[in-house]
Amino acid sequence: MTCYRHIFTTLIIAFFALTSVASEPAGCEPFVVAIDAGHGGHDHGTRGRRAREKDVTLAVARLMASKIGERFGDSVRVVLTRDSDVFVGLRERADIANRAGADLFISIHVNSVAARSRGRETVQGASVYTLGLHKSDANLAVAMAENAVIELEEDYSEQYQGFDPNVSESYIIFELSQGDNLNSSIDMAALAQHYLTDYAGRADRGVRQAGFLVLWATRMPSVLVELDFMCNPRMERFLSSTEGQERCAEALVRALADYRALHPHSRRTAPAD
Ligand SMILES: [Zn+2]
């Protein structure tokens, strides 16, 4: 599987080597990327010894926004689902991207494993998820942990149509989701995984699929990035360092640059009338 991913990524990189993507046609609408810093406010996300997921995700999202501004100017518009330490519900995060007509949605998170798990302090690596039905209990556990934040929202059962984040049967709804956007989402996931490994130096846990509510509620290609593991003290140090956050942000912006060359106007791919 890893082998296929490397072949795929190599083909994409080769594509860029052979294709000129430098100039923008005048008057072209900007490419809109929604960057979603996971958690916030009273939802701290996962915690390390000192660091909190919500702070790492916000720092990386802000760094991405400033790098995108420097690199792409007016040709890319960034929409942040939060730009401060505030709580935003999962559906609202998706709706911010939907209302903005985003071409791409990138949700940023930090991973962790349960408190009594063996290897908790040594587990490491980045994984980038697209929406889909999980193929392993480990992938389901990650989605369950991230989806559980809806329990902090009022009337969550009503808002999410009775979805229970802690019951595996609930996850069947994701099996047929995101059909139109799945291939584009997988392209972005493969590129992000490539740069998080090669540029940011994360161990490679591969592109995966699982049922994340925030991806399910978006109407554009979307990925959820788990940068590394907060429960591993060495990774916690990396994730909370300026250098580590800079590396992660740069990796994701490089992935965005390549993705944009492949899908310059993904939200305008519907047949013309
Ligand atoms: Zn998270």
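The structure this text deals with has already been given above.
All residue numbers refer to positions counted from 1 along the written sequence of the respective chain. Predicted model: local features are reported for residues with pLDDT of at least 70 only, side-chain atom pairs are reported and counted for 80 or more only, and whole-chain, interface and lining totals are derived from all residues. The basis for every side-chain value is the complete set of heavy atoms in the structure, and neither hydrogens nor water enter the calculation.

Overview of the packing of helix H2 (residues 53-72) against helix H9 (residues 242-262)
Direction vectors running N to C along H2 and H9 enclose 50 degrees, while the axes themselves pass 8 Å from each other. On the basis of their axis angle, the class for H2 and H9 is oblique. Here H2 and H9 pass one another in a crossing that is right-handed. Touching Val-56, Ala-59, Val-60, Leu-63, Met-64, Lys-67, Ile-68, Arg-71 and Phe-72 of H2 are Gln-245, Glu-246, Cys-248, Ala-249, Glu-250, Leu-252, Val-253, Arg-254, Leu-256, Ala-257 and Arg-260, all from H9. Axis definition: a line fitted to C-alpha atoms, limited for helices to the stretch in contact. Angles are taken between N-to-C directions and run from 0 to 180 degrees. Counting from the N terminus, the helices are the DSSP runs of H or I reaching at least four residues and the strands are the DSSP runs of E reaching at least two. Under this scheme an angle from 65 to 115 degrees is roughly perpendicular, one under 35 degrees roughly parallel, and one over 145 degrees roughly antiparallel; angles in between are oblique. Throughout, a crossing is termed right-handed when the near helix is turned clockwise from the far one, and left-handed when it is turned anticlockwise from it by less than a right angle. Contacts between residues were defined by any pair of non-hydrogen atoms, one from each residue, lying within 4.5 Å.

Describing the pattern of salt bridges
Salt bridges are defined as contacts in which a side-chain nitrogen from Lys or Arg sits within 4 Å of a carboxyl oxygen from Asp or Glu. Following the criterion strictly, the structure yields 12 salt bridges and no others. Asp-55 is the partner of Arg-52 in a salt bridge, and the nearest nitrogen-oxygen pair spans 2.8 Å. Burial here depends on accessible area, computed with a 1.4 Å probe over protein chains only, as a share of the maximum for the residue type. Under 20% is buried, over 50% is exposed, and the range in between is partly exposed. Here Arg-52 falls in the partly exposed class, since its relative accessible area comes to 27%. Classification of Asp-55 as partly exposed rests on a relative accessible area of 33%. Between Glu-250 and Arg-254 there is a salt bridge, with its nearest N and O atoms 2.8 Å apart. Here Arg-254 and Glu-250 lie together in helix H9, a separation of 4 residues that amounts to about one turn. Glu-250 sits in the buried class, given a relative accessible area of 7%. Here the residues in one salt-bridge network are Lys-67, Arg-71, Glu-246, Glu-250 and Arg-254, joined through shared partners.

Description of the coordination of the zinc ion
Ligation of the zinc ion by protein atoms is provided by His-39 (NE2), Glu-53 (OE), His-109 (ND1), Glu-146 (OE) and Glu-146 (OE), these donors lying 2.0 to 2.5 Å from the ion. Sites may look incomplete because water is not among the atoms; the donors themselves are N, O and S atoms within 2.8 Å of the metal, or within 3.2 Å for Na, K and Ca. Between consecutive donors of the zinc ion, the numbers of intervening residues give the motif H-x13-E-x55-H-x36-E. With His-39 in the loop between strand S1 (31-37) and H2 and Glu-53 in helix H2, this pair connects stretches of sequence that are 14 residues apart. On the accessibility criterion, Glu-53 (2% relative accessible area) is buried.

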